[in-house]
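Per-entry structural report
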Amino acid sequence: MNAPAKKEDFTVQAPAGVFLETVTSVEHYTDRLFRFRMTRPQEFRFRSGEFAMIGLMVGDKPIYRAYSVASPAWDEELEFFSIKVPDGPLTSHLQKIKAGDQVLMRKKPTGTLVLDALVPGRRLYMFSTGTGIAPFASLIRDPETYEKFEEVILTHTCRDVAELKYGFDLVQEIRNHEFLNEIVGDKLRHYATVTREDYPFKGRITDLMTNGKFFADLGLPPLDPAIDRGMICGSTAMLKDTKEILEAAGLTEGANNKPAEFVIERAFVG
């Protein structure tokens, strides 16, 4: 008689000082990307744009990685958007979770991609590549973002068109939401590009900014430190190149303890 196929077992006892939460839904976008939602502890408080340490028990020890909370601060559940790494210490297991499984989460959120780290402005640019869109998924669904800025421009660059779907789903969700749609109105603009397939908007966002196509496509003037603010989350090269473009335009990097014209999240690089 054949033994049943071994399944991942995510039922565990939470280590001290760690939340143990239940997965409520999982959606796989491609063979590289998926999102999942899970219960939110009543006492867990975070600012939209922050990240948390998410983990699973692998063997007899917990393994954690930093994940931006993709849901806004008002949401009753927590959402995360993840890449699948076949041999990743955590994601090789995390990508197999399903509704009803349990996930570990450390209790203290943190991060630099928060509205408090920016000085007041009129236009907010959110520059992202790949799963770097996750913190912006939180911020574009937070009414406070639109209280502070007259225009919000979300950019998302991926290799293939299929990898853009999460971003398009987010914008559609806002358009269909009973109160967000009224708050957001026409303030949110979404600029999606790919680097490996034919698409109306093709190329690295930094190249499109440098050659002016990005601004021409949106009908906007070049960056102006008096009114423009920026947030950056993506690959190491993208962070470096975008930072240089913003600084060349006269914007200064800020932080939680020293707000300025743009901020970068470096927690996911390494």
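Residues numbered from 1 in each chain as written. Predicted model: local features only at pLDDT ≥ 70, side-chain atom pairs only at ≥ 80, totals over all residues. Heavy atoms only, no water.

As recorded in an unreviewed UniProt entry, the chain goes by ferredoxin--NADP(+) reductase and comes from Sinorhizobium alkalisoli. Quoted straight from UniProt, the Catalytic activity (unreviewed entry) entry for the chain says "2 reduced [2Fe-2S]-[ferredoxin] + NADP(+) + H(+) = 2 oxidized [2Fe-2S]-[ferredoxin] + NADPH". Recorded under Cofactor (unreviewed entry), the UniProt text for the chain is reproduced unchanged: "FAD". (UniProt positions renumbered as here; feature names shortened; annotations may be inferred.)

1. With respect to helix α4 (residues 165–176)
Here α4 contains 12 residues, and its C-alpha end-to-end distance of 16 Å stays within 8% of the 16 Å for a straight helix at 1.5 Å per residue. Looking at the buried residues of α4, the elements they touch are β2 (33–39), β5 (77–83), α2 (134–139), α5 (180–184) and β9 (188–194). (Helix = DSSP H or I, 4+ residues; strand = E, 2+ residues; numbered from the N terminus. Expected span 1.5 Å × (residues − 1). Contact = heavy atoms within 4.5 Å.)

2. Description of the sheet that holds strand β10 (residues 228–233)
Read across the sheet, five strands follow the order β9-β8-β7-β10-β11 without closing on themselves; strand pairing throughout is parallel. In this open sheet, the two strands that pair with only one neighbour each are β9 and β11 (262–264). Along the sheet, successive strands turn relative to each other by an average axial angle of 10 degrees, direction set aside. The sheet contact formed by β10 and β11 spans three bridges and is parallel. Along β11, the bridge assignment pairs Ile232 with Ile264. Where helix α8 (residues 236–248) meets the sheet, its contacts fall on β7 (123–129), β10 and β11, and the angle it forms with β10 comes to roughly 170 degrees. (Pairing = 2+ DSSP bridges. Axes fitted to C-alpha atoms, helices over the stretch in contact; angles between N-to-C directions.)

3. Some words on a nonpolar patch on the surface
A surface patch of nonpolar side chains, amounting to about 250 Å² of accessible area, comprises Trp74, Phe179 and Ile183. Classification of Ile183 by relative accessible area gives partly exposed; the value is 34%. (Patch = residues over 30% accessible without salt bridge, like charges linked within 9 Å, V, L, I, M, F, W, Y side chains within 5 Å. Areas by Shrake-Rupley, 256 points an atom, 1.4 Å probe, with all protein chains shown as cover. Salt bridge = Lys/Arg side-chain N within 4 Å of Asp/Glu carboxyl O. Buried < 20%, exposed > 50% of the residue type's maximum accessible area, 1.4 Å probe, protein only.)

4. Some points on the layout of surface pockets
Counted as a void, the largest pocket has a volume near 990 Å³. Contributing to the lining of the largest pocket are 37 residues, with Ile83, Thr131, Gly132, Gly234 and Phe268 lying nearest its centre. Among the secondary structure elements, those contributing two or more residues to the lining of the largest pocket are β4 (61–68), β5, β8 (151–158), α6 (205–210) and α8. Per-element tally for the lining of the largest pocket: the top contributor is β4, with four residues. When the residues that make up the lining of the largest pocket are grouped by side-chain class, the tally is 17 nonpolar, 15 polar and five charged. Residue contributions to the lining of the largest pocket reach at least three from each of two domains, namely domain 1 (18–110) and domain 2 (115–266). (1 Å grid on protein atoms, 1.4 Å probe; cavity = no way out; pocket = protein on both sides within 12 Å on 5 of 7 lines; lining within 4 Å. Points joined across faces, edges and corners; volume = space filled by probe spheres on them. Nonpolar A, V, L, I, M, F, W, Y, C, P; charged D, E, K, R; others polar. Domains from an automatic or database assignment.)

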